Amino acid sequence: MSRRPRVWVKVCGLTRPSDVEAALRAGVDAVGVVLTRRSPRCVTPEQAAVLVEVARRAAAEAGRVGVVTVGVFSGEDDVTILDRARRSGVDAVQLHGGESDETQARLSAEGYAVIRTLWPSAPGPGAAPDVPVPPWAVLLDSRTPSQAGGTGRRLDPAVAASWVGRLREAGLRVILAGGLSADHVAGIVDRVRPWGVDVSSGVEVPGRPGVKDPEAVRAFVRAVRAWEDEADAPSA
Ligand SMILES: O=C(O)c1ccccc1NCC(=O)[C@H](O)[C@H](O)COP(=O)(O)O
């Protein structure tokens, strides 16, 4: 029997300090604030700064090190991204609008961990693109014609697994997103084997984007940690 790896867990689209505290208490590794106006979960940099401070305080109180605060962008120019990232005080930026390699490099040079989003569409070797400059992590997500993220739509697990395999071979950390929730995250992680998972609408109060349900967040983290505690059968 072989031991399973720890899975990095991010809850995204937080808008309320109490939800940030609850997420940290539940044991998440990262909290995301959406800093693009192209989202119903958008917060201002000033609101984000309060949430980031709450996250740092809650992490310190819980004796947690390495908790990451992430600002999500989609389609903003580099100057706007840098301005909002600085004003909010996030550790990492998540590029969720097909931003360029140059933008990624510029943000890395400014000291931000960069999470680069890809939207898997086709299965098979060669379907996942090359990522010429390795970011801190790659995030696989679903999208609709009007929304680049936070859609609540699941990826096809076979497609996701093939992209994760290919990107892992290239040495990248891969975070899986797209319609995850407590009731099926363990099964998807078992099949797709990402380095991390990211959830937003699946832990929200139904019909209220940005308002998290603390019990749903706890159930999500519990489901991931329970999966980690099981062991893989030896391969034949
Ligand atoms: O959450 C949004 O509203 C959003 C809007 C535009 C770009 C990105 C956005 N969210 C990014 C995230 O990291 C979400 O957690 C991720 O898309 C997963 O969302 P969900 O499918 O609802 O779990």
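Reading the values: rules and limits
Residues numbered from 1 in each chain as written. Predicted model: local features only at pLDDT ≥ 70, side-chain atom pairs only at ≥ 80, totals over all residues. Heavy atoms only, no water. Pairing = 2+ DSSP bridges. Helix = DSSP H or I, 4+ residues; strand = E, 2+ residues; numbered from the N terminus. Axes fitted to C-alpha atoms, helices over the stretch in contact; angles between N-to-C directions. Near = heavy atom within 4 Å. Polar contact = N/O pair within 3.5 Å; in protein donor to acceptor, adjacent residues only side chain to side chain. Areas by Shrake-Rupley, 256 points an atom, 1.4 Å probe, with all protein chains shown as cover. 1 Å grid on protein atoms, 1.4 Å probe; cavity = no way out; pocket = protein on both sides within 12 Å on 5 of 7 lines; lining within 4 Å. Sits in = over half its atoms within 2 Å of the grid points. Nonpolar A, V, L, I, M, F, W, Y, C, P; charged D, E, K, R; others polar. Parallel < 35°, antiparallel > 145°, perpendicular 65-115°, else oblique. Left-handed = near helix turned anticlockwise from the far one by under 90°. Contact = heavy atoms within 4.5 Å. Buried < 20%, exposed > 50% of the residue type's maximum accessible area, 1.4 Å probe, protein only. Right-handed = clockwise from strand over helix to strand, strands pointing away. Points joined across faces, edges and corners; volume = space filled by probe spheres on them. Phe/Tyr/Trp six-rings, centres within 6.5 Å; stacked < 30°, edge-to-face > 60°.

Asks: Explain the sheet that holds strand S9 (residues 196-199) to me, please; I cannot follow it from the model alone.
Replies: Backbone hydrogen bonds hold the strands of a sheet together, and the pairing may be parallel or antiparallel. Strand order around the closed barrel formed by eight strands is S2-S3-S4-S5-S6-S7-S8-S9, with parallel pairing between neighbours. Strand-to-strand, the axes of this sheet are offset by a mean angle of 25 degrees, without reference to chain direction. When strand S4 (residues 68-73) meets strand S5 (residues 92-95), the two strands line up parallel, connected through four bridges. Following the sheet pairing, Gly71 is matched in S5 by Val93.

Asks: I keep staring at the site of the ligand and nothing clicks. Help me out?
Replies: Around the ligand, a shell composed of 21 residues is seen, among which Ser39, Asp141, Gly150, Asp198 and Ser201 lie nearest. The side chain of Lys10 places a nitrogen or oxygen atom 3.2 Å from an oxygen atom of the ligand. Taking Ser200, its main chain carries an N or O atom lying 2.9 Å from an oxygen atom of the ligand. Burial of the ligand by the protein chains amounts to 100% of its free accessible area of 520 Å². Mapping the ligand onto the cavity grids shows that it belongs to the largest pocket. In terms of residue class, the shell around the ligand is made up of five nonpolar, 11 polar and five charged.

Asks: Sorry, what's going on with the packing of helix H1 (residues 17-26) against helix H7 (residues 214-229) here?
Replies: Think of two packed helices as two axes; the pair is described by the angle between the axes and how far apart they sit. Running from N to C, H1 and H7 point in directions that differ by 25 degrees, and their axes come no closer than 9 Å. The angle between H1 and H7 places the two elements in the roughly parallel class. Regarding H1 and H7, the two cross each other, and that crossing is right-handed. For the pair formed by H1 and H7, the contact residues are Ala22, Ala23 and Ala26 on the first element and Pro214, Val217, Arg218 and Val221 on the second. Its residues placed into classes, the contact of H1 with H7 shows six nonpolar, no polar and one charged.

Asks: Which parts of the structure should I look at to understand the pairing of strand S2 (residues 8-11)?
Replies: Residues in a regular strand point their side chains to alternate faces of the sheet. Burial along S2 is two-sided: Trp8 and Lys10 facing one way and Val9 and Val11 facing the other are all buried. Relative to S9, S2 is paired through four bridges, and the arrangement is parallel. Paired with Lys10 across the strands is Asp198, a residue of S9. Pairing analysis gives two bridges linking S2 to strand S3 (residues 30-34), with the strands arranged parallel. By the bridge assignment for S3, Lys10 is matched with Ala30. Crossover handedness for the path S2 to H1 to S3: right-handed.

Asks: Looking at this structure, I do not really get helix H3 (residues 78-88). What am I missing?
Replies: Since one α-helical turn is 3.6 residues long, residues separated by three or four positions face the same way. Looking at H3, one finds that the buried residues are Asp78, Ile81, Leu82, Arg84, Ala85 and Ser88. One or two positions beyond H3, positive phi appears at Gly89, with a value near 80 degrees.

Asks: Looking at this structure, I do not really get the environment of Ala128. What am I missing?
Replies: Summarising the element assignment, Ala128 is placed in the loop between strand S6 (113-118) and strand S7 (137-140). Its relative accessible area of 3% is what places Ala128 among the buried residues. Along the backbone, Ala128 and Leu118 are 10 residues apart, and their C-alpha atoms lie at a distance of 8.7 Å. With residues near it in sequence (within four places) discarded, Ala128 still touches Trp163, Arg166 and Leu167.

Asks: Help me understand the layout of surface pockets in this model?
Replies: With a probe scaled to a water molecule rolled over the atoms, the places where space remains empty come into view. There is about 400 Å³ of room inside the largest pocket. Lining the largest pocket are 32 residues, with His96, Asp141, Ala148, Gly149 and Gly150 sitting closest to its centre.

Asks: Would you explain the packing of aromatic side chains in this entry?
Replies: Any aromatic ring pair is given by two values, namely how distant the centres are and how the planes are angled relative to each other. For the structure shown, the criterion picks out three aromatic pairs. A centroid spacing of 5.6 Å and a plane angle of 85 degrees characterise the contact between Trp136 and Trp195, whose relative ring orientation is edge-to-face. Within this pair, whereas Trp136 is found in the loop between S6 and S7, its partner Trp195 is found in the loop between helix H6 (185-192) and S9, the two being separated by 59 residues in sequence. Of the residues examined, Trp195 reaches a relative accessible area of 28% and is grouped as partly exposed. Ring-pair connections join several aromatic residues into one group, and the members of that group are Trp8, Trp136 and Trp195.

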